[in-house]
Amino acid sequence: MTDGLPPVARQDLDEILRLTAPDTWEALRRQSVFITGGTGFVGKWLLEALLHADRSLGLGMGISVLTRSPDAFAVASPHLAQASAVELVRGDILDLPQPTRPYTSVIHAALPVTTLHDSLVGLETVAAAGTQGVCRFAAAAGARRLLHVSSGAVYPPPDGPTPLPEDQGWEEDLGSSNVYARAKRRSEAVVNEGGWPFETVIARCFAFSGPYLLPSSGVALAGFMERAIEGQPLVIQGTGKAVRTYQYAGDMARWLLTCLVHGTKGSSYNVGSDEPVTILELARTVGRLAGNAEVRVEGRAAEGLAGAFYIPDTQRAQSELGLRNSVGLEDGVQRMLQWRRSKVATSLTSHE
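Bear in mind the structure is a predicted one, so any value in this text is a computation, not a measurement. (Residues numbered from 1 in each chain as written. Predicted model: local features only at pLDDT ≥ 70, side-chain atom pairs only at ≥ 80, totals over all residues. Heavy atoms only, no water.)

Engineer: Any details on the pairing of strand S6 (residues 199-205)? Residues and values, ideally.
Structural biologist: Among the seven residues in S6, six count as buried, and that is most of the element. Pairing of strand S5 (residues 145-151) with S6 involves seven bridges; the strand directions are parallel. Bridge assignment links Ser150 to a residue of S6, and that residue is Arg204. Pairing of S6 with strand S11 (residues 268-271), which is carried by four bridges, proceeds in the parallel orientation. Bridge assignment links Ala203 to a residue of S11, and that residue is Tyr269. (Buried < 20%, exposed > 50% of the residue type's maximum accessible area, 1.4 Å probe, protein only. Helix = DSSP H or I, 4+ residues; strand = E, 2+ residues; numbered from the N terminus. Pairing = 2+ DSSP bridges.)

Engineer: Give me the lowdown on the environment of Cys259, citing residues and values where you can.
Structural biologist: In this structure, Cys259 sits in helix H9 (residues 249-262). Cys259 sits 113 residues away from Leu146 along the chain, and the two C-alpha atoms are 10.0 Å apart. The residues touching Cys259, leaving out its near neighbours within four places in the chain, are Arg145, Leu147, Val201, Tyr269 and Leu321. (Contact = heavy atoms within 4.5 Å.)

Engineer: Just give me the short version of the pairing of strand S4 (residues 105-108), but keep the residues and values in it.
Structural biologist: Neither face of S4 is left uncovered, since the one carrying Ser105 and Ile107 and the one carrying Val106 and His108 both have all their residues buried. Alignment of strand S1 (residues 32-36) against S4, held across four bridges, turns out to be parallel. Looking at S4, one finds that Ile35 is bridged to Ile107.

Engineer: Run through the packing of aromatic side chains, naming residues and quoting values.
Structural biologist: Throughout the structure, instances matching the rule amount to 11 aromatic pairs. Ring centres of Phe206 and Tyr310 lie 4.7 Å apart, and the angle between their planes is 35°; this geometry places the pair in the tilted category. Of this pair, Phe206 sits in the loop between S6 and strand S7 (208-209) while Tyr310 sits in strand S14 (residues 309-310), and the two are 104 residues apart along the sequence. An identical accessibility class is assigned to Phe206 and Tyr310; each is buried. Pairing Tyr212 with Trp339 gives two aromatic rings, centres 5.6 Å apart and planes at 70°, and the pair type is edge-to-face. Remark: Trp339 occurs in helix H12 (residues 329-350) and Tyr212 occurs in the loop between S7 and helix H8 (220-229); sequence separation between them is 127 residues. Residue Tyr212 is classed as buried on the basis of its relative accessible area, which comes to 5%. Overall, Trp339 belongs to the buried group, its relative accessible area being 4%. (Phe/Tyr/Trp six-rings, centres within 6.5 Å; stacked < 30°, edge-to-face > 60°.)

Engineer: Describe in detail empty space enclosed by the protein, supporting the description with residues and values.
Structural biologist: Under the criterion given, the structure shown has one cavity of 30 Å³ or more. The calculated volume of the largest cavity comes to roughly 30 Å³. Taken together, Asp12, Glu15, Ile16, Leu19, Tyr248, Gly250, Asp251, Arg254, Ser326 and Val327 form the lining of the largest cavity. Top contributing element to the lining of the largest cavity by residue count: helix H1 (residues 10-19), with four residues. Here the lining of the largest cavity is composed, by residue class, of four nonpolar, two polar and four charged. (1 Å grid on protein atoms, 1.4 Å probe; cavity = no way out; pocket = protein on both sides within 12 Å on 5 of 7 lines; lining within 4 Å. Points joined across faces, edges and corners; volume = space filled by probe spheres on them. Nonpolar A, V, L, I, M, F, W, Y, C, P; charged D, E, K, R; others polar.)

Engineer: Talk me through H8; I want residue IDs and the actual numbers.
Structural biologist: Among all positions in H8, only Leu221, Ala222, Phe224, Met225 and Ala228 are buried. End-on, the buried residues of H8 take up no more than an arc of 160°, which puts them together on one face. Once H8 finishes, Gly231 follows within two positions and takes phi at roughly 75°, a positive value. (Arc of directions from axis to C-beta.)

In structure tokens, the structure reads:
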């Protein structure tokens, strides 16, 4: 019996390999990369992409993944945890071990485990301390580049459906900023103001679709998918009018790796889709693709931390890095649905 998750489709991995610029893969040849947050949604996709490229192109990479529980990761994703290029490092960003070897690059995709109900000052302080610890680790390891995976939540919610550009500033306001946004802002400040001996790039991630996105993430799409798989109505607790965009995870992985290798030092890049959809439209899309599941709007709850509109301006990534999205919303939902169904089938088979 196994509790493991099925791997992503070979189609997705081949697509990442094909659409990523060859000079990006060449820049990663024989590189040693240290990843925090490697067992989460973003981290797993980065591992999938790097390992597939390593095997296909003979890159000779070494990838170290920081995890609080190597055993749990080995059970959940054995094909990643047990790959020959992967080393699992037990620890936490608040208690990082000293590097035992040099690393050429560090990808910081972790945030201290907490909830949005914890104290504002507490999470903000802990997130900054964790990021500072990662930066010190990178410096001690001789890293040349650090990619900090941040969030579009750093931006103040816009008044209308205007895409958020990277130069959109913010003023700190303890009364209005949510705890997650403030933590991400403080972490970015540590990266930008630390005077570190390596080049830094910030990637501000928005919303995504794809395998490894589970209902426990709190993302509306994942919740809709779970209910659709279970044959239950898709329930919207808000008005359904909030607008989001959903970048497919394969595109996300390509964009992040390109930011790591080619991003201008000291710059920030939005990572996401510019294809807007309301939450109601999203639910209807999931319901239709899952077999005409019923959609209900049952309340006028708050629209969530990002407010009514959460749309990235991706022009900088497009113009500076040549990045485009290859998977549209409906195709991404369909691929995610297929993976979710394979997850259910895997679970049923393993428990027979």
